[in-house]
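# Results of the structural survey
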Amino acid sequence: MSGSSGSSPCPKCGAEMQTYMDWKPADYVSGDCFECGFYYYTADGQRTLVEVNELRAENDLEPIEELRKQW
Ligand SMILES: [Zn+2]
């Protein structure tokens, strides 16, 4: 793991939450409250070509034929 752990106040109950952040493969944060059970995390995923083109259309971009190759 390349990220760093820490703690910050839970927004739901005020207890100290355990938090974790990383910058790979993209900005990532997560937190777990060991008192009230609240948690959050940054989600990532892979969109299909159809989904990407829907997003592009909403943003006035021309559709693409195929997804760009990933590293
Ligand atoms: Zn809490």
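First things first, this report covers the structure right here in the doc.

### Overview of the sheet that holds strand E2 (residues 16-22)
Hydrogen bonding along the main chain pairs the strands of a sheet, whether they run parallel or antiparallel. Strand order in this open sheet of four strands is E1-E2-E3-E4, and the pairing throughout is antiparallel. In the strand order of this sheet, the two ends are held by strand E1 (4-9) and strand E4 (39-41), each with one partner. Averaged over all adjacent pairs, the angle separating strand axes in this sheet is 20°, with direction ignored. Here six bridges tie E1 to E2, and the two strands are oriented antiparallel to one another. Bridge assignment links Gly6 to a residue of E2, and that residue is Thr19.

### With respect to the coordination of the zinc ion
Bound to the zinc ion on the protein side are Cys10 (SG), Cys13 (SG), Cys33 (SG) and Cys36 (SG), at distances that span 2.3 to 2.4 Å. If you look at the zinc ion, its four donor atoms make angles of 107 to 112° with each other, and the shape they trace is tetrahedral. If you list the donors of the zinc ion from N- to C-terminus, the spacing comes out as C-x2-C-x19-C-x2-C. Residue Cys10 is located in the loop between E1 and E2, and its partner Cys36 is located in the loop between strand E3 (28-32) and E4; the two are separated by 26 residues in the primary sequence. Judged by its relative accessible area of 5%, Cys10 is buried. Judged by its relative accessible area of 40%, Cys36 is partly exposed.

So, how was this worked out
Residue positions within a chain follow its written sequence, with the count starting from 1. Local features in this predicted model are restricted to residues of pLDDT 70 or higher, and side-chain atom pairs are both shown and tallied only at a pLDDT of 80 or more, whereas totals for entire chains, interfaces and linings draw on every residue. Based on all heavy atoms of the structure, the side-chain values leave hydrogens and waters out of the count. Strand pairing follows a simple DSSP-based rule, namely that at least 2 bridges must link the two strands. Where helices and strands are cited, they refer to DSSP runs of H or I of at least four residues and of E of at least two residues respectively, numbered from the N terminus. An axis is simply a line fitted to the C-alpha atoms; with a helix, the fit covers only the stretch in contact. Between two such axes, the angle follows the N-to-C directions and lies from 0 to 180 degrees. Counted as coordinating are nitrogen, oxygen and sulfur atoms within 2.8 Å of the metal, or 3.2 Å for Na, K and Ca, while water is not included, which may make sites look incomplete. Any coordination sphere not matching a tetrahedral pattern (four donors, all angles between 85 and 135 degrees) or a square planar or octahedral pattern (four or six donors, opposite donors over 155 degrees apart, other angles between 65 and 115) is reported as irregular. The classification of residues rests on relative accessible area computed with a 1.4 Å probe and restricted to protein chains. Under 20% of the type maximum is buried, over 50% is exposed, and intermediate values are partly exposed.

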